[in-house]
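# Descriptive analysis of the structure
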Amino acid sequence: MKEESTVKKIVLGAMFLSVGIVLPFFTGQIPQIGSMLLPMHIPVFLCGLICGGKYGAVIGFVLPLMRSALFIMPPMFPDASAMAFELSAYGFVVGFLYEKSRWHCIKSLFRCMIIAMLSGRIVWGIAMALFLGIGKNAFTAEAFIAGAFINSLPGIVLQFVTIPGIMLALEKTHLMPCRERKAKKTEKEEI
C-alpha cells in the first residue's frame, strides 16, 4: 500500500514538473509577462499540496533549472538559480503546513499559501543577495520589494484564484476530500 502511494506521488510529481515546463509558453516566453504572472509557481504549489512538502521541494528546485537548461528561459544565473531555492521553499512550506493543518479546507489552504509565499520570497531575496552581492549596484532592498511583491502582484492574484479553484475541483470530485486530520491516539485512549 505504501509503495503504491509513493509511486503515485512520483508520477504526480513528474506531471507537475511537465506542467511547469510547458505553462510558461502561455506567457509567450516574454520575460516581463512571465515575471508578472509567475506560471512556474502554480504547479509547484499544487505539487506541495497534493504530494507533500518533500515532493514539492524537489520539483520546485528542479523545475527552473531544467527549464533554463532546455529553453534558456529563465536565464540560469541569477534568475533560475535563485528561483530554484524560492520554488523549493514554496513547495516544501505549503506542503508541510497543509499536511500538518487540522483541517484540509480552503481556509487552511489560504493560510498555508500566504506563509509559503512570504517564506519563498524571503528565500529568493537571500539567494539573490548572495548571488549578486549587496552594495550600491547590486541587489538592493528596493529591488527585493519590486521583484518579490510589486511586479509579481498579478501572479500572486492568479495563484490565489487558480490554486484554491483547482483544490475545490479536486474536492468536488472526491480526489482530495476536505477532511479533519486524525489525531494520533495515545495508549491510554486505545485502552
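Please refer to the structure placed before this passage.
To start, this report covers the structure provided alongside it. Keep in mind that what you see is a predicted model, and the values were worked out from it rather than measured.

### Let's talk about the overall build of the protein
The helix and strand tally for the protein stands at nine helices and zero strands. What you see in the protein, going N to C, is helices and strands ordered as α-α-α-α-α-α-α-α-α. Looking at the protein residue by residue over its 191 residues, the buried ones come to 39%. Taking the contacts inside the protein whose residues are at least 6 apart along the sequence as the reference set, 70% of them involve residues at least 24 apart. Within the structure as shown, the protein displays about 11200 Å² of accessible surface, and the carbon and sulfur contribution to it stands at 71%.

### What to know about unusual backbone geometry
Cis geometry is found at the peptide bond from Met73 to Pro74, where omega equals -5°. Along the chain, Pro74 falls in the loop between helix H4 (53-71) and helix H5 (76-100). Cis rather than trans, the peptide bond between Phe77 and Pro78 has omega equal to 0°. Within the element layout of this structure, Pro78 appears in helix H5.

### A look at the packing of helix H1 (residues 2-22) against H4
For the pair H1 and H4, the least separation of the axes is 9 Å and the interaxial angle reads 35°. Note on packing geometry: the crossing formed by H1 with H4 is right-handed. Between H1, through Thr6, Lys9, Ile10, Gly13, Leu17, Gly20 and Ile21, and H4, the contact on the second element is made entirely by Tyr55, Ile59, Val62, Leu63, Met66, Arg67, Leu70 and Phe71. By residue class, the composition of the contact of H1 with H4 is ten nonpolar, three polar and two charged.

### Quick look at the nonpolar core
Ranked by size, the top nonpolar core spans 28 residues in total, and within it Phe45, Leu49, Val94, Ile163 and Met167 carry the most contacts. For this core, the secondary structure elements donating two or more residues are H1, helix H3 (41-51), H4, H5, helix H6 (106-132) and helix H8 (153-172). The biggest single contributor to this core is H3, with seven residues. Leaving out residues up to four positions away in the same chain, Ile163 has contacts with Ile42, Phe45, Leu46, Leu49 and Met113. Counting eight residues, the second largest nonpolar core, distinct from the first, contains Ala127, Met128, Phe139 and Phe144.

Quick notes on the rules
Residues numbered from 1 in each chain as written. Predicted model: local features only at pLDDT ≥ 70, side-chain atom pairs only at ≥ 80, totals over all residues. Heavy atoms only, no water. Helix = DSSP H or I, 4+ residues; strand = E, 2+ residues; numbered from the N terminus. Buried < 20%, exposed > 50% of the residue type's maximum accessible area, 1.4 Å probe, protein only. Contact = heavy atoms within 4.5 Å. Areas by Shrake-Rupley, 256 points an atom, 1.4 Å probe, with all protein chains shown as cover. Axes fitted to C-alpha atoms, helices over the stretch in contact; angles between N-to-C directions. Left-handed = near helix turned anticlockwise from the far one by under 90°. Nonpolar A, V, L, I, M, F, W, Y, C, P; charged D, E, K, R; others polar. Core = buried A, V, L, I, M, F, W, Y, C linked by side-chain atoms within 4.5 Å.

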